[in-house]
Amino acid sequence: MGDTDPYLICNAKLATMNGNDTPYGQINEGAVAICNGLVDWVGPMSDLPTRYTNCARKSLNGRLITPALIDCHTHIVHGGDRALEFEMRLNGASYEDVARAGGGIVSTVKATRAATPEDLVQSALPRLDALLAEGISTVEIKSGYGLDRETELNMLRAARRLGELRPITVKTTFLGAHATPAEYKTRDDAYIDTVCIPTLRAAHAEGLVDAVDGFCENIAFAPAQIERVFKVARELGLPVKLHAEQLSHQGGTALAAHYGALSVDHVEYATEDDAKAMAASGSVAVILPGAFYTIRETQAPPIEHFRRHGVPMALATDCNPGSSPLTSLLLAMNMGCTLFRMTPEEALAGVTCNAARALGLTDRGKIAAGMRADLAVWDVETPAELAYRIGFNPLYTHIYEGKQ
């Protein structure tokens, strides 16, 4: 069988996530025809076109097929860890207390700056492999722990390298506006103008950037400072995203919506007006329960506002060394349901079709003709089981661009 010959995966349940009237877009006793790394046809086995009658087949014995999962918000490239800060928080310090004491994001900067590019790749591989083992085909990786030109570029180069070493699509996001480094303490504007923006231009010139992000928060940057970065992103033709409304309400969501952001992430303190603005702009709300859980936040994101106004919701690990050392997207699905009362269908949409949308990708996240044949096959009876179990991985096999 050559690459141009279609083959058929049959005798399976399909959660196509196509948004029809059937929950999960489910097809029982379904089949998927794959050719040249794309889905060629999908539907009930009883409707199989005659052109596939004699093609090679693989029976899945009733297993469930979903789109391969997508982790649309991670920080997996970094140096060091922050286990001691985890201990501090358990002894009573808040996330803000840790950050104001010189910990938090800035404490990871020192370790990341000290790491070689190869160190960054090698330390990130185990985290990436943990995600791959759960059927993930696409991952977003941010910079933001260098906060100087060379380290920010090295982080993005390491992220690109990970996509060469593993069968996964890596989308890179420039997050120079993540925090102000110690050498620019109390000089946030100077850092934005003399380091962040010139580094963004250099990273774009090297082809290292797929999107631009920032951290708009009372311990990070104000909306006016983020907007200066967004204006440069627009000039360069790059889409934007934003960490906003995580610890307080600073107005970042409205700014992101004004710039047509692909996504607004965290959003625990977002309001109904923010949800309306996101609905109008088409921005995705990326829900990050790992950070909520780790920092013991009590303000839950306004899920009901997002539902009411039709804001698509994605779920992601936010894998990072401080506020979300989480490398399980399946656990993030369970957390989204348990902590925020998302439904299992919303959770699966959050790591497939809506996660793709949060990255500006239109060729994946659903099982449909013409889409990439990035699929996950599960040893489960129903799609809800993926969000229901805790600490259990039922992946049977992973198909990337049509290849197992």
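This is a predicted model, so every value here is computed, not measured.

**Q** Outline the nonpolar core, listing residues and values.
**A** Membership of the largest hydrophobic core comes to 98 residues, with the highest contact counts inside it found for V77, L162, V212, I287, F306 and L348. Counting residues domain by domain, this core receives three or more from each of domain 1 (7–67 + 366–399) and domain 2 (69–359). Each residue touching I287, except ones within four places of it in the same chain, is listed here: V267, P301, I303, F306, M313, A314, L315, A316, F340 and M342. Formed by 16 residues, the second largest nonpolar core is a distinct cluster that contains I27, V32, V42 and L375.

**Q** With reference to specific residues and values, describe the confidence of the model for the chain.
**A** Averaged over all residues, the pLDDT of the chain equals 96, while 99% of them reach at least 70. Confidence scores differ between elements of the chain, with helix α2 (residues 95–100) showing the lowest mean pLDDT of 76 and strand β6 (residues 69–71) the highest of 99.

**Q** Before we move on, can you summarise the side chain of E85 with the specific residues and values?
**A** Tracing the chain through its elements places E85 in helix α1 (residues 83–90). Residue E85 is classed as buried on the basis of its relative accessible area, which comes to 9%. Here R82 takes part through its side chain, which lies 3.1 Å from a polar atom of the side chain of E85. Among all residues touching E85, those that are not within four sequence positions of it are V98, G103, G104 and S107.

**Q** How would you summarise the packing of helix α4 (residues 117–132) against helix α5 (residues 149–165) if you had to cite specific residues and measurements?
**A** Look at α4 against α5: their axes get within 9 Å of each other, and the N-to-C directions meet at 50°. The angle between the axes of α4 and α5 places the two elements in the oblique class. Classified by chirality, the crossing of α5 by α4 is right-handed. The residues of α5 that touch α4, namely those facing P117, L120, V121, A124, L125 and L128, are N154, M155, A158, R161, L162 and L165.

Definitions and limits used
- Residues numbered from 1 in each chain as written.
- Predicted model: local features only at pLDDT ≥ 70, side-chain atom pairs only at ≥ 80, totals over all residues.
- Heavy atoms only, no water.
- Core = buried A, V, L, I, M, F, W, Y, C linked by side-chain atoms within 4.5 Å.
- Buried < 20%, exposed > 50% of the residue type's maximum accessible area, 1.4 Å probe, protein only.
- Domains from an automatic or database assignment.
- Contact = heavy atoms within 4.5 Å.
- pLDDT = per-residue confidence, 0-100.
- Helix = DSSP H or I, 4+ residues; strand = E, 2+ residues; numbered from the N terminus.
- Polar contact = N/O pair within 3.5 Å; in protein donor to acceptor, adjacent residues only side chain to side chain.
- Axes fitted to C-alpha atoms, helices over the stretch in contact; angles between N-to-C directions.
- Parallel < 35°, antiparallel > 145°, perpendicular 65-115°, else oblique.
- Left-handed = near helix turned anticlockwise from the far one by under 90°.

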